[in-house]
Amino acid sequence: MALHTIEPWIPEEWDGPVLQKINQLSAVEALGRVEPMTTATKHVPRSGGMGMDVLGKGDSYSEDASTDDEVLLTARKFGRAISLAEEDIADTAGLVDVLNTKRLDWATSYAKAFDNACLATNGAESVAADRPFTSVYRAVRTTDSNISYTADANYVLAGDNLGAVTFTDSGDVVTFNQPHGLAVNDRVVSGTVTTTTGITAGTTYYVLTVPSTTTVTLSATSGGATLALTTNGSAISMTKLGVTYSSLSRTLGLYESSDWFDPTRTGVIAAPTFLQAVRDVKDTQGRPIFQQGANGSADTLFGYPIRWSLGARVTTAASAAPTGNPLLIVGNRDLLIVGRRSGPESYVADAASGVGFLTDETKLKVRARRAFAVGHPAGLAVLEAS
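Each value, and the rule that gives it
- Residues numbered from 1 in each chain as written.
- Predicted model: local features only at pLDDT ≥ 70, side-chain atom pairs only at ≥ 80, totals over all residues.
- Heavy atoms only, no water.
- Pairing = 2+ DSSP bridges.
- Helix = DSSP H or I, 4+ residues; strand = E, 2+ residues; numbered from the N terminus.
- Phe/Tyr/Trp six-rings, centres within 6.5 Å; stacked < 30°, edge-to-face > 60°.
- Buried < 20%, exposed > 50% of the residue type's maximum accessible area, 1.4 Å probe, protein only.
- Lys NZ or Arg CZ within 6 Å of the ring centre and 35° of its normal.
- Axes fitted to C-alpha atoms, helices over the stretch in contact; angles between N-to-C directions.
- Parallel < 35°, antiparallel > 145°, perpendicular 65-115°, else oblique.
- Left-handed = near helix turned anticlockwise from the far one by under 90°.
- Contact = heavy atoms within 4.5 Å.
- Nonpolar A, V, L, I, M, F, W, Y, C, P; charged D, E, K, R; others polar.

Draft legend 1. Inspection of the sheet that holds strand β19 (residues 304-308) at higher detail. Across the sheet, seven strands lie side by side as β6-β23-β20-β16-β19-β18-β17; this open sheet has mixed pairing. Edge positions in the sheet fall to β6 (155-157) and β17 (290-291), since each of these pairs with one other strand and no more. Note: strand β18 (residues 299-301) against β19, three bridges, orientation antiparallel. Bridge assignment links L301 to a residue of β19, and that residue is Y304.

Draft legend 2. A look at the packing of aromatic side chains. By the definition in use, this model includes twelve aromatic pairs. Between F78 and F133, the ring centres sit 6.0 Å apart and the planes meet at 40°, which makes this aromatic pair tilted. Here F78 is found in strand β5 (residues 76-85), whereas its partner F133 is found in the loop between α4 (98-119) and α5 (136-140), with 55 residues between them in sequence. The two residues F78 and F133 agree in class, both being buried. A network of ring pairs unites the aromatic residues F78, W106, Y110, F114, F133 and F372 as a single cluster. One Lys or Arg, K365, reaches over the ring of Y347 and ends 5.5 Å from the middle of that ring. The cationic tip of R367 hangs over the ring face of W9; the distance from NZ or CZ to the ring centre is 4.0 Å.

Draft legend 3. Summary view of the packing of helix α1 (residues 17-25) against α4. Where α1 contacts α4, the axes come no closer than 9 Å and their chain directions differ by 30°. In terms of orientation, α1 and α4 fall into the roughly parallel class. Between α1 and α4 lies a crossing whose hand is right-handed. In this structure, α1 uses P17, V18, K21, I22 and L25 to contact α4, whose residues at the interface are R103, L104, W106, A107, T108, Y110, A111 and D115. Here the contact of α1 with α4 is composed, by residue class, of nine nonpolar, one polar and three charged.

Draft legend 4. Up close: the environment of V44. With respect to the helices and strands, the residue V44 is situated in strand β3 (residues 41-46). Once the C-alpha coordinates of V44 and L119 are considered, the two residues, 75 residues apart in sequence, prove to be 19 Å apart. Filtering out sequence-adjacent residues up to four positions away, V44 remains in contact with R33, E35, E70, V71, L73 and I337.

Draft legend 5. Quick peek at the environment of E86. With respect to the helices and strands, E86 occurs in helix α3 (residues 86-91). Accessibility expressed as a relative area gives 13% for E86, which makes it buried. Considered as a pair, E86 and T362 are 276 residues apart in the sequence and their alpha carbons are 6.3 Å apart.

Draft legend 6. The arrangement of the pairing of strand β10 (residues 187-190) in detail. In the sheet, β10 pairs with strand β12 (residues 204-212) via three bridges, with the strands oriented antiparallel. What sits directly across from R187, in β12, is Y206. Summarising the sheet, β10 and strand β15 (residues 238-241) pair through three bridges and their orientation is antiparallel. Across the sheet, V189 pairs through a bridge with T239, a residue of β15.

See below:
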């Protein structure tokens, strides 16, 4: 007698362990604005806003000139199949539910990969390149003339901007306009460089020596050779890398000053590596900006609820185990638009009559069909640590 019968795709129960696991691990699934989908694509209106006038008696109404367009949700498939020997399933009966264990394993991987695809891939949307959507990171760092958004307007590199610097060929010295507070092995990155060669804007360097409170020499590696600076020149900025109060506050401020700020819909999503950093950060009055939740309440950052996501790390392709720079994203959660076409759902073909008939193997497939789009990048802000 067969252990399993062939069934159609079976949706996971709403309060079942698979969906519970996904909602625990996927910040986007838990916080995003859900758009039900009955077809593979769906157009969702994107409003450019609407102003208003104060009118006196008999005054004419002015016509609003805000630009409206739409975002396109396209459902993508996140799935995996596995073969399980019938003997193993029979031998473990009563000890472990192999099929449901594998469903939970899939849910864990899906939650991380889906968040990564929605939040942190750095390239243009391409299914062939495993970038199913335009992520928040990509949207915030890309100009969109249709909505008058400029690339990096809402992007912050974690650290403190120490101001403009000059480079001296003789001695390979970097000079600041004010005391820099740097120490040996601190990491820095320069802004746009003029004239000088040997240093590249956007590249991380290490402080090698500190000759004075306003000068340093640099190295390409920790404790390495002195960075050779050819020709006197300058850079518009030099930033000390690291998660600081000012960089966190600046990131939240970009969102809080936008037209999409709504304290009741504000959410923060961050890679768990930020935990160590934010625990130590205090405001100007010595008060901690991070509060750990208790009795089921959410953790908060500057009073806003924060969700931790293992997918919030920069990658070139969506991954369940991303290893790139960690991200912290704050914004109006209604701008994280999640299209739900189907699933999570699973399909089992048993060894008695399915594709594994000749090998005594049961086949399990698990999938979810999801879409994602950013409602408007100006309503979100990204902090990248390195």
